[in-house]
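Understanding the architecture of this molecule
Residue strings, one per chain:
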Amino acid sequence: MFGLSALFLARFQFAFTVGFHIVFPAFSIGLAAYLAVLEGLWLKTGRSAYLDLFKYWLKIFSVVFAMGVVSGLVMSYEFGTNWSQFSQKAGPILGPMLAYEVMTAFFLEAGFLGVMMFGLNRVGKGLHFGATCMVSIGTLISMTWILASNSWMQTPQGYIIDEATGRFLPGNWWQIIFNPSFPFRLVHMGLAAFLSVAFIVAGVAGWHLLKARREGRQASEQVRLMFSMAMWMAAIVAPVQFLAGDTQGLNTLEYQPAKIAAMEGDWDSEGRAPEILFGIPDMENETTHYKVQIPLLGSLILTHSLDGKVPGLKDYPKDLRPYSPLLFFSFRIMIALGSLMVLVGLWSLFLRWKGSLYDNAMLHRVALWMSPAGFVALLCGWITTEVGRQPFTVYGLLKTSDSVSQIALPSMATSMIAFVIVYFIVFTGGITILLRSFAQEPHPGEEGPSEHEPQMSAGTTQVSHHPHNAGLAE
């Protein structure tokens, strides 16, 4: 018989699959843009190192794109098997937007992917560059539709509720798509994808710079070039990302104040509120233990005023409060990693000014250690966003407990075990391939993907090819 445990497993299964999936589409978004920049610079300057880097990262893109499609495909079935009530009630709004994503974005990506992968020596340079740009634009359009869909679940508007069935029907598509949180989340997610890939590129380059140092030789032009490009991206984008996050925080305070209260570990609404740097929120006793805080900073950050009023979780019924401990720590991990990325970017600017960007082994080690930081921060941001919406799937309107299918606990447990086993087998293999590719140093005359070896490609509609389709139930 259906019960709370089955609901928990349904949520955990969706969170587990999304946790794997979200990394690869974000990787595809950032890497596709990087490939377009590399090819464009090669065409403009004629510098062969840009072409070598394009071919090197194109091989990695082929693996990343395939893993994104495979990991997202399963989620499409989960909507029907585990979340049929949600699909039935929200389908009239979310269904068309996901269909638009397939028609305007996924077909664009899939249509030009083969030309980008294998057409460099078969079509003209201009046409090939156009194909690369189309793939990159396709990933961005896809992200736009998916974020519009998920943002509507966060800040719903433009809908009509059918009184007979309880279904959400479209009333104003402009308001549905351009809902209040959409612009802020679109910018924040796009910058996160670019920044995550920049640190992967920096980490790979840092590894090869350190290896060249150990071997007593100078790193190749290609390695130094991609390290320089990655550090420029970190120095420019990381500070901008903080500004984008601040504007999203102001938007969240306006439309989802309970989420803000849970993120901050605040229980009582107050003005001139402190910022809690560390603590352990206690949902049962309605307090945050072991607080380390800075006076007035909470109000200043959240409201841009020392006298601004900060919401507290006690303002909301217990059954409508997000789970503060998870949000509190995931948010702070994201902020800590973001701060480190800013510092690395500023450090690189200082060393570039001194003329020692390629000679400082400590920076190269830090870049290597920080290579997964962007994706870890992205996952923490997703957890903060989606757990903070609980206990709703459509914020304030449709509870998660009313969205789940009537599935027995043994069935959920069996599928969960199967998912864990299959995902670890498949993605361990995929990540192993990526690590082996990263270990190979880009060199002059780099070859792209082989035209004679089988390649995985997208052969199905890609309902959740991008990360913030990830927002259902966790």
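Anything mentioned here points back to the structure above.
Below is a summary of the structure that appears in this document. Each chain carries its own residue numbering, running from 1 in the direction its sequence is written. Totals for whole chains, interfaces and linings use all residues, but because this is a predicted model, local features are given only for residues with pLDDT of at least 70 and pairs of side-chain atoms are given and counted only at 80 or more. Water and hydrogen atoms were dropped before computing side-chain values, which therefore reflect all heavy atoms in the structure.

**Notes on the overall build of the protein chain**
Defined as follows: For the purposes of this entry, the term helix denotes a DSSP run of H or I that reaches at least four residues, the term strand denotes a run of E that reaches at least two, and both are numbered from the N terminus. Only protein chains enter the calculation, and the probe is 1.4 Å; a residue is then buried if its accessible area is under 20% of its type maximum, exposed if over 50%, and partly exposed in between. Any two residues whose heavy atoms approach within 4.5 Å are treated as being in contact. In short, Shrake-Rupley with a 1.4 Å probe defines the accessible areas, and a residue's cover is counted only from the protein chains shown. For the charge count, each Lys or Arg is scored as positive and each Asp or Glu as negative, with His and the chain ends excluded. Throughout, a charge is located at the NZ atom of Lys, the CZ atom of Arg, the CG atom of Asp or the CD atom of Glu.
Tallying secondary structure elements over the protein chain gives 14 helices and 8 strands in all. Seen along its three principal axes, the alpha-carbon backbone of the protein chain occupies a region of about 65 × 50 × 40 Å. Put simply, the protein chain has 474 residues, and 53% of those count as buried. Within the protein chain, residue pairs in contact and separated by at least 24 positions form 81% of the contacts whose partners lie at least 6 positions apart. Here the protein chain has roughly 20100 Å² of accessible surface; of this, 66% comes from carbon and sulfur atoms. Counting 29 positive and 31 negative side-chain charges, the protein chain places the centres of these two groups 7 Å from one another.

**Some words on the environment of Val102**
If you trace the backbone, Val102 turns up in helix H4 (residues 84-118). On the basis of relative accessibility, which here comes to 8%, the residue Val102 falls in the buried class. Sequence separation between Val102 and Ile260 is 158 residues, and the spatial gap between their C-alpha atoms is 33 Å.

**Some words on the environment of Pro311**
Among the structural elements, Pro311 can be located in the loop between strand S6 (309-310) and helix H11 (324-354). Along the chain, Pro311 and Pro156 lie 155 residues apart, while their C-alpha atoms are 21 Å from each other. The residues touching Pro311, leaving out its near neighbours within four places in the chain, are Leu253, Pro257, Ile260, Ala261, Asp266, Ser269 and Tyr316.

**Thoughts on the pattern of salt bridges**
The condition is simple: When a carboxyl oxygen of Asp or Glu is within 4 Å of a side-chain nitrogen of Lys or Arg, the pair counts as a salt bridge.
Enumeration over the complete set of coordinates arrives at 11 salt bridges. Across the salt bridge formed by Arg272 and Asp307, the nearest N and O atoms sit 2.6 Å from each other. With a gap of 35 residues between them, Arg272 in the loop between strand S3 (270-271) and strand S4 (275-282) and Asp307 in the loop between helix H10 (297-303) and S6 connect regions that are remote in the sequence. When its relative accessible area of 44% is taken as the criterion, Arg272 is described as partly exposed. On the basis of relative accessibility, which here comes to 52%, the residue Asp307 falls in the exposed class. Glu286 is the salt-bridge partner of Arg321, the closest N and O atoms lying 2.8 Å from each other. Highlighted residues: Arg321 in the loop between S6 and H11 and Glu286 in the loop between S4 and strand S5 (287-294), separated in sequence by 35 residues. Here the salt bridges share partners, and the residues they tie into one network are Arg185, Glu386 and Arg389.

**Focus on the pairing of S5**
What counts here: By this definition, two strands are paired if DSSP reports at least two bridges between them.
Summarising the sheet, S4 and S5 pair through 6 bridges and their orientation is antiparallel. By the bridge assignment for S5, Pro281 is matched with Thr288.

**Details of the packing of helix H2 (residues 23-45) against helix H7 (residues 182-214)**
Our working definition: Axis definition: a line fitted to C-alpha atoms, limited for helices to the stretch in contact. Angles are taken between N-to-C directions and run from 0 to 180 degrees. To sort the angles, those under 35 degrees are grouped as roughly parallel, those over 145 as roughly antiparallel, those from 65 to 115 as roughly perpendicular, and the leftovers as oblique.
Relative orientation of the contacting elements H2 and H7 amounts to 75 degrees, with a least axis distance of 8 Å. When the interaxial angle is binned, H2 and H7 end up roughly perpendicular. In contact with Ala26, Phe27, Ile29, Gly30, Leu31, Ala33 and Tyr34 of H2, H7 contributes Met189, Ala193, Phe194, Val197, Ile200 and Val201.

**Remarks on a nonpolar patch on the surface**
Rules: Patch construction takes residues with relative accessible area above 30% that form no salt bridge. Like charges are linked within 9 Å, and nonpolar side chains (Val, Leu, Ile, Met, Phe, Trp, Tyr) are linked within 5 Å.
On the surface, Leu277, Phe278, Ile280, Tyr290, Val292, Ile294, Phe329, Ile333 and Val376 cluster together into a nonpolar patch covering about 790 Å² of accessible area. Elements with a contribution of two residues or more to the nonpolar patch: S4, S5 and H11. Tracing the backbone shows Ile294 in strand S5. Using a relative accessible area of 34% as the deciding quantity, one classes Ile294 as partly exposed.

**Observations concerning the packing of aromatic side chains**
For clarity, the cut-off: For this analysis, a ring pair means two rings from Phe, Tyr or Trp (six-membered ring only for Trp) whose centres lie within 6.5 Å, classed as stacked if their planes differ by under 30 degrees, edge-to-face if by over 60, and tilted for the remaining angles. Only when the NZ of Lys or the CZ of Arg is both within 6 Å of the ring centre and within 35 degrees of the ring normal is a charge said to sit over the ring.
Tallied over the entire structure, the rule returns 21 aromatic pairs. Each ring, one from Tyr423 and one from Phe427, has its centre 5.1 Å from the other, and the planes form 45 degrees; the classification is tilted. Taken as a pair, Tyr423 and Phe427 lie in helix H14 (residues 409-439) at a separation of 4 residues, close to a single helical turn. The same class applies to Tyr423 as to Phe427, namely buried. Over the aromatic face of Tyr50 sits the side chain of Arg47, whose NZ or CZ is 5.4 Å from the ring centroid. Lying over the aromatic face of Trp207, Arg214 brings its terminal NZ or CZ to 5.6 Å of the ring centre.

**So, the side chain of Thr17**
Relative to the helices and strands, Thr17 resides in helix H1 (residues 4-21). Filtering out sequence-adjacent residues up to four positions away, Thr17 remains in contact with Met75, Glu78, Phe419 and Tyr423.

**Re unusual backbone geometry**
Looking along the chain, the bond that leaves Gln390 and enters Pro391 is cis, with omega of 10 degrees. Turning to its location among the elements, Pro391 is positioned in the loop between helix H13 (373-387) and strand S7 (392-394). For Tyr290, which is not a glycine, the phi torsion comes out positive at approximately 55 degrees. Locating Tyr290 in the fold gives a position in strand S5. Despite not being glycine, His304 has its phi angle at roughly 65 degrees, a positive value.

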